Structures are given as structure tokens and as C-alpha cells.
Amino acid sequence: MDKNTYIPENFIEDVKTYLPEHLNLDDFIDHCQKPLRLSIRVNTLKMSVDDFKLEAKALGWQITPVPWCPEGFWISRSEEEQANLPIGNTALHLSGCIYVQEASSMLPPLALRSEIENMDTDQYAVLDMAAAPGSKTSQLCALMNNQGLLIANEFSSSRLKVLAANMKRMGVANCALSHFDGKIFGDYMYECFDHIQLDAPCSGEGTVRKDANALKNWSIESNVDISDVQKSLIKSAFLALKPGGSLVYSTCTLTPLENQQVCSFLLEEFADAVEVTPLDDLFDNASQATTSEGYLHVWPQIFDSEGFFIAKFKKRHSVEHHNQQQKKGAFPFEAFPTKAQNTFSSYLKKQFKIKQLPGTLMQRDKELWLFPDKLADVQNKIKYARLGVKIGAIHKNGVRLEHELATAFGHLATENVHALTEKQAVDYFQGKDVRLEKPTNETGEVILTLCGAPVGLGKWQKAKIKNNLPRDLIAQGQLITWV
Ligand code: SAM
């Protein structure tokens, strides 16, 4: 029990006005003071759920499946391990095989799962309008199996950097990042997206179990202010959605001001063009958290999780929009010349036996990038902060590969791949060269793996592998092992 959790009286008074009859206020307050269970999601772009179970068993982790997410698990580790090795410094985390994600926050992408699985995967474009730090973006990319296109937008520049770093660690390859107030999408990308996720900025009332001070500045006035932002975002999202597409709106807050009332605004604004898709059968027992409208209002005590709200809508037909805008300015990339492409492809084949990279090679000055093919439809609609995967730097003698080529496409390599031991992996993530057990005759670049997943690039040098880890990714503290 965390008795330091700050729960203001006026917040409790407000909750009393909308707590459903079947729930109990004391139970709610008790759960707000109870620490959260640690949960992770397996990143299936890097590791299968079965392999994760084997790794967890070998580590002595007790795992309990999250009932609504096949890739989600609550984890308990020994107290010593927990104290000596933060989960973020474990091999499973550093390799991008897992993402620490609260169990209820796995629900919004799952609400789009059936749509994603029923579409021709490389043909769709999805928008994640408020994306950082990227737990749900990477979950969507994994559901999309790195196909099609996901535009992940974030308004805060510092959080955009974290989003970019997380996408690299998770091996995401089908993403473009943008840096706008989400309210521009309706005007600039009118009816461009097959599906949209809006995990809106909110007052975070549901996060009090993780952050004892989450309610420190709570007030109805700030709820109202945030709901105005949410209304402008949900309207923009609906305009940006293609007819027939689905929009999932979510928050990690409890007040109807930021949840049901934002949804009512959407329903009123777009009348017969929008309908609610009820979520009562999203998973077994979902009905315990379903509202009369068909939304999921996950109170912390229902599933012993963070508080969350999720609503899903379908766009039944196109809507009129008279304020469509067009971006000015040229697209700053050009095609990578065919001859250079052929030389580069031959190199990848020879060195790594990589037959083909999925996407289109594009160049900007001396930078070489791989764009998801689907990007071509929308590449000129807005200015992007980052497009696809940075593959390398172009030199007169060829291309010097970038770290990200390995994290996103290293799994395609069958030659010049080296599986790091725990000791080697510690050295690698601390930025040191990797000492080999026996000298090697191999030469050139090598892809390094950990837990079976590609984590970076190095260069064979007889008795060692020269470390190419970017400096900003060098990790400190206790890494990978704790005994
Ligand atoms: N979806 C994220 C995840 O699962 O990791 C969490 C998103 S968080 C609830 C909301 C995000 O919206 C914050 O990163 C915040 O910086 C961003 N944001 C705030 N105002 C915004 C706006 N007007 N347009 C787009 N994003 C905004």
C-alpha cells in the first residue's frame, strides 16, 4: 500500500458523481494506493511469445498472461534481481524483445487488431496521432508485422526523440514520424488513413498507481481545458479517416469530461457519418468494464490495472470538409540511382546473404534511407520528422551501414551474424569492443544478436569485433547479469 499517494478530496467528490453503481468507492481508493503489477509486451517483430516464455523460465521470472493481450504478461522477478538489475537493463529489454507496458494500455491497439488482420497488410496506412513514448505505436507496428505504413505523430519535441529511439530499439521499419499539433491532420491529410489511433493527452487520473503525485494539480478546470484539446484532436482524426475506417480514442483518465463527453461531441459533430463499435466482446470479461454506450471504462479495481478508457468508432461515409490544406515546399528526397542500388544490393547479398530489403531506397544528400512503399501515396502531404529507416551514409566507395539497418533488418541476414554471449553483450552495450573467444578469419561488417534478435553492427577484427554502437545508446550501470 502506498500511503503517500496523493488523492485530493475534491477529486474523490467528483468521482462519486460518476462511479458506476456496481463499483465501490473504498475499493477504488484502495486500488489507487496499491502499486501496479509490472507488465511487459513481447515485441513479436523480434521474438515469438513461445521463445519469450522459454527465456523467462530460464531467468526464473514468474509470468502471468494478460488475458486480453496474447503478447502481454505480468512479471514477477526475485527481489534481489529486481533490486540489482532494472528491467530496462535486462537482455530482453536491451534487445527490443520486450516493451514495459501497463496491461490496460495494451487495449487500444487491440481494438484495431481485427481490422489490421483482415486487411491486405502492405496496403494500409494507419495514423497514431499522439504517439510518444511509443508503446502503442510499436504494438501497432508489430500487429502490422512491419508492413504498410504507420504515421506516428508527437507534438512534444523531447518526447519525439524518445519515440524515435524506442522505434529503433523495437526494430520498427514501417513508420514515419511527424511533429505537429494533431489538429492539423484533418486539414492536411483529409481521408488519408485506413485506421487511426488517438491515445489523447489527458489528465492522467488513471496513472496514480504508477505516479503517487499524478493528482497533485488536479482540478475540474484543467479537465475541461484538456477536453477542449481532445475534442479538437478527435475531430481532426475523424476528418483524416477514410470512409469505412475505424478510429480508436483512448485516455488514461477516468473523468467523463475527457471520455464519454468527448465521444458525444464526435457523435454530435458527425451525426450519421459516425457509429460506435461496441467493445464488450473485445476479450472475455470485457463486459465488466463496458459502459452503456459500448465503451470500455477500465477502473483500476476491475482488472487490477491502471485506469483507462477506450472507445471505437466507424466512419460510415465521407464527410464534407472545406478547409483542406496543401503543404508547400518540395520533397527533400530523391531516388537512389539504379546502378548504386545494384552495387549496394550485391554487397548486402555477399556480406549477409540478405536477398532484398522491403521498401524503396531514397537518398537525401549523403544519407540513404529505406521508405515503406506505401509512403509514396502521402509523402507530400505533410513535412515529416523522420521517414522509414536510416540505412547508411553514402561514400564514393559505397555505403557505410547504419546501426538501424541491423536493428530493423538484421533478422534477414544468415551470414556474418554473431550471437553475443552475456559478457560480450555487456561490453557491447557499454560501448566497448567485443572480445572473441577464438580469433576469426572473417572480415568486414557483422550483425550482432542478443536473445536471437539483432541489436547492432560491428566489424570483424581478428580477435575482436569493433563496436559501432551509436554513442547515445551506450548504457550505464548493471547490465544483463546481476549475480
Ligand atoms: N500513445 C503513447 C504511448 O502509448 O506510448 C502515449 C501518448 S500520451 C497519452 C499523449 C501524448 O500526446 C503525449 O506524448 C503528448 O506530448 C502528446 N500531445 C499533447 N498535445 C498534443 C497535440 N495537440 N497533438 C499531438 N500530440 C499531443
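The structure under discussion appears in the preceding block.
Residues numbered from 1 in each chain as written. Predicted model: local features only at pLDDT ≥ 70, side-chain atom pairs only at ≥ 80, totals over all residues. Heavy atoms only, no water.

A. Examining the overall build of the protein chain more closely. What the protein chain contains, in helices and strands, is 16 helices and 23 strands. For the protein chain, the spread of C-alpha atoms along the three principal axes comes to 70 × 60 × 35 Å. A sequence separation of at least 24 residues applies to 74% of the contacts in the protein chain between residues at least 6 apart. Only carbon and sulfur atoms are counted for the fraction: they give 48% of the accessible area of the protein chain, which is about 21500 Å². In the protein chain, 51 side chains carry a positive charge and 59 a negative one; their mean positions are 12 Å apart. (Helix = DSSP H or I, 4+ residues; strand = E, 2+ residues; numbered from the N terminus. Contact = heavy atoms within 4.5 Å. Areas by Shrake-Rupley, 256 points an atom, 1.4 Å probe, with all protein chains shown as cover. Lys, Arg positive; Asp, Glu negative; His and termini not counted. Charge placed at Lys NZ, Arg CZ, Asp CG, Glu CD.)

B. Region of interest: the nonpolar core. Within the largest apolar cluster, 60 residues are counted, with the highest numbers of intra-cluster contacts made by F11, F28, W68, W299 and I310. Among all residues touching W299, those that are not within four sequence positions of it are V15, Y18, L19, P20, L23, F28 and L254. Among the nonpolar cores identified, the runner-up in size contains 45 residues, and L127, A130, C263 and A273 belong to it. (Core = buried A, V, L, I, M, F, W, Y, C linked by side-chain atoms within 4.5 Å. Buried < 20%, exposed > 50% of the residue type's maximum accessible area, 1.4 Å probe, protein only.)

C. Region of the structure containing the packing of helix α1 (residues 9-16) against helix α2 (residues 25-32). At a minimum axis distance of 11 Å, the contact between α1 and α2 shows a crossing angle of 135°. Between α1 and α2, the interaxial angle falls into the category oblique. As for how α1 packs across α2, the hand of that crossing is right-handed. Packed against α1, whose contacting residues are F11, I12, V15 and K16, the element α2 presents L25, F28 and I29 at the interface. (Axes fitted to C-alpha atoms, helices over the stretch in contact; angles between N-to-C directions. Parallel < 35°, antiparallel > 145°, perpendicular 65-115°, else oblique. Left-handed = near helix turned anticlockwise from the far one by under 90°.)

D. Geometry of the side chain of T291. Among the secondary structure elements, T291 is positioned in the loop between β10 (274-276) and β11 (296-298). Residue class for T291 comes out buried when judged on its relative accessible area of 17%. Once residues lying within four places of it in the same chain are set aside, the contact partners of T291 are Q260 and H297.

E. Fine view of the sheet that holds strand β1 (residues 39-42). The four strands are arranged β2-β3-β1-β4 in an open sheet whose pairing can be described as antiparallel. Both edges of this open sheet fall to β2 (62-65) and β4 (98-100), since each of them pairs with a single strand only. Strand-to-strand twist across the sheet, computed as the mean angle between neighbouring axes with direction ignored, equals 35°. Direction of pairing for β1 relative to β4: antiparallel, over a ladder of three bridges. The partner of R41 across the bridge, within β4, is Y99. (Pairing = 2+ DSSP bridges.)

F. Just the site of the ligand, in detail. Close to the ligand lie 20 residues, the nearest being S135, K136, E154, R159 and D199. K136 is positioned with one of its side-chain polar atoms (N or O) 2.8 Å from an oxygen atom of the ligand. When isolated, the ligand has an accessible area of 600 Å², and the protein chains bury 86% of it. Counted by class, the shell around the ligand contains 10 nonpolar, five polar and five charged residues. (Near = heavy atom within 4 Å. Polar contact = N/O pair within 3.5 Å; in protein donor to acceptor, adjacent residues only side chain to side chain. Nonpolar A, V, L, I, M, F, W, Y, C, P; charged D, E, K, R; others polar.)

G. Expanded view of the state of the cysteines. Scanning all chains against the criterion turns up zero disulfides. The thiol of C202 is not disulfide-bonded; the next cysteine sulfur, from C252, is found 3.5 Å away. Here C451 stays free of any disulfide, with the sulfur of C97 as its closest cysteine sulfur at 5.1 Å. (Disulfide = S-S within 2.5 Å.)

H. Region of the structure containing the packing of aromatic side chains. Summed over the entire model, instances satisfying the criterion amount to 18 aromatic pairs. Centre to centre, the rings of F52 and F73 are 5.2 Å apart; their planes meet at 40°, and the pair counts as tilted. Linking F52 in helix α3 (residues 49-59) with F73 in strand β3 (residues 72-76), this pair joins segments that are 21 residues apart in sequence. Since its relative accessible area comes to 0%, F52 is described here as buried. Assessed through its relative accessible area of 3%, F73 is described here as buried. One aromatic cluster is present, built from ring pairs that chain together F11, Y18, F28, W218 and W299. The positively charged end of K315 is found above the aromatic ring belonging to F238, 4.9 Å away from the centroid. (Phe/Tyr/Trp six-rings, centres within 6.5 Å; stacked < 30°, edge-to-face > 60°. Lys NZ or Arg CZ within 6 Å of the ring centre and 35° of its normal.)

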